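# What the coordinates show
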Amino acid sequence: DHTGADTRLFSIVDIAPGGRDIRYSNEKCEIGRNFANKIWNVVRFRLMQGPVTSAKPTLDNLGTLRPDDQWILASLNQAIKGVTDGLANFRFNEVSKILYEFIWSKFCDWYLESCKPVFNGGDAAQKQTVLRLFDYCVATFLKLLHPIMPFVTDELYHQMGFATADDSIMKAAWPEAISEDVLNAYGATQAAEDDAEAKFELIRAIRAVRANYGIATSKALDMVVAPANDEMHEFLKRDEASFKALVNAGDLKFVPGYQPEGPSGVAVSTA
């Protein structure tokens, strides 16, 4: 059972800090099993959008990136550097944490969801740009994950079309950190990361208000956002469609300095 071998290996690496013995149990493998299912679903979702953009995805001439594209590119670069350093220094537990955080928390919970309005929209050029970056991220994180989950990653690498039937992910070059020139050219800067994190904080606050009032996430709500400053106002407007989808807003307005006239649910954040 290759999948079972991968889930056990990832789980053991994840729960075993360096130099310490652990008590093994099959229940602890739930972490790896859920993680394997997660990346399997990412690939299935991607292939539903059509064939991959390239068998060897690159960052060449991507085009104009959305704020969330800039954020995921900067985050991917941090993951590449963190995993490479962790493996070189035998900090395997740290490597598993970095990969889990990037793939599950950042790529799946945020980036994949922000891509859906683009994939379902009518801007063909933007869709192609986002698909190319999506493919680059998937190819890269599969290679980063391969030392810990060799069978699942090789299978998904083939499903994505990144390797031919007689080839293997094992022969692929290890991902290199993205140069500062490339990051800056695409706007994947620290400032872009900070703005995106502030936006995600606002989205979490809005979702918390929904939960407090018992309002289903599937119900579209009219919303007014009072940006913290002009810079954040411009940032949120740059990709209004994704923001609107992530909060499931009906009518969405950005009104600086807005004060509600009557009782209303209020979410407060740094954005």
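Here's a quick rundown of the structure. (Residues numbered from 1 in each chain as written. Predicted model: local features only at pLDDT ≥ 70, side-chain atom pairs only at ≥ 80, totals over all residues. Heavy atoms only, no water.)

### Section: the environment of A196
- Examined against the element boundaries, A196 turns out to sit in helix α8 (residues 190-213).
- Under the relative-accessibility criterion, A196 is labelled buried at 0%.
- On a C-alpha basis, the gap between A196 and S11 in space is 30 Å, while along the polypeptide they are 185 residues apart.
- Not counting chain neighbours up to four residues away, the residues in contact with A196 comprise W71 and F235. (Helix = DSSP H or I, 4+ residues; strand = E, 2+ residues; numbered from the N terminus. Buried < 20%, exposed > 50% of the residue type's maximum accessible area, 1.4 Å probe, protein only. Contact = heavy atoms within 4.5 Å.)

### Topic: the nonpolar core
- With 74 residues, the main nonpolar core has L73, F107, Y111, F134, V138, F141 and F243 as its most contacted residues.
- Once residues within four sequence positions are removed from consideration, V138 is found in contact with V42, V43, F107, M160 and F162. (Core = buried A, V, L, I, M, F, W, Y, C linked by side-chain atoms within 4.5 Å.)

### As for the layout of surface pockets
- Empty space within the largest pocket amounts to approximately 750 Å³.
- In terms of lining residues, the largest pocket is bounded by 25 residues, among which V224, S264, G265, V266 and A267 are the most central.
- Sorting the residues of the lining of the largest pocket by element identifies α8 and β1 (221-225) as the ones contributing at least two each.
- Of the residues contributing to the lining of the largest pocket, the split by class is 18 nonpolar, five polar and two charged.
- Lining the second largest pocket are 19 residues, and of these P57, K143, Y157, A172 and A173 lie nearest its centre.
- Looking at the lining of the second largest pocket element by element, the count peaks at four residues for helix α5 (residues 124-145).
- Residues that form the lining of the second largest pocket fall into these classes: twelve nonpolar, two polar and five charged. (1 Å grid on protein atoms, 1.4 Å probe; cavity = no way out; pocket = protein on both sides within 12 Å on 5 of 7 lines; lining within 4 Å. Points joined across faces, edges and corners; volume = space filled by probe spheres on them. Nonpolar A, V, L, I, M, F, W, Y, C, P; charged D, E, K, R; others polar.)

### Thoughts on the environment of E201
- Mapped onto the elements of the fold, E201 is located in helix α8.
- Taking the C-alpha atoms as reference points, E201 and F134, separated by 67 residues in sequence, lie 23 Å from one another.
- Apart from the residues within four sequence positions on either side, E201 is in contact with S269 and T270.

### Brief notes about the packing of aromatic side chains
- A full pass over the atoms with the stated rule returns 17 aromatic pairs.
- These aromatic residues form a ring-pair network of at least three members: F45, F102, F107, Y111, F119, F134 and F141.
- The ring of W104 has K38 lying over it, and the distance from NZ or CZ to the ring centre is 4.6 Å. (Phe/Tyr/Trp six-rings, centres within 6.5 Å; stacked < 30°, edge-to-face > 60°. Lys NZ or Arg CZ within 6 Å of the ring centre and 35° of its normal.)

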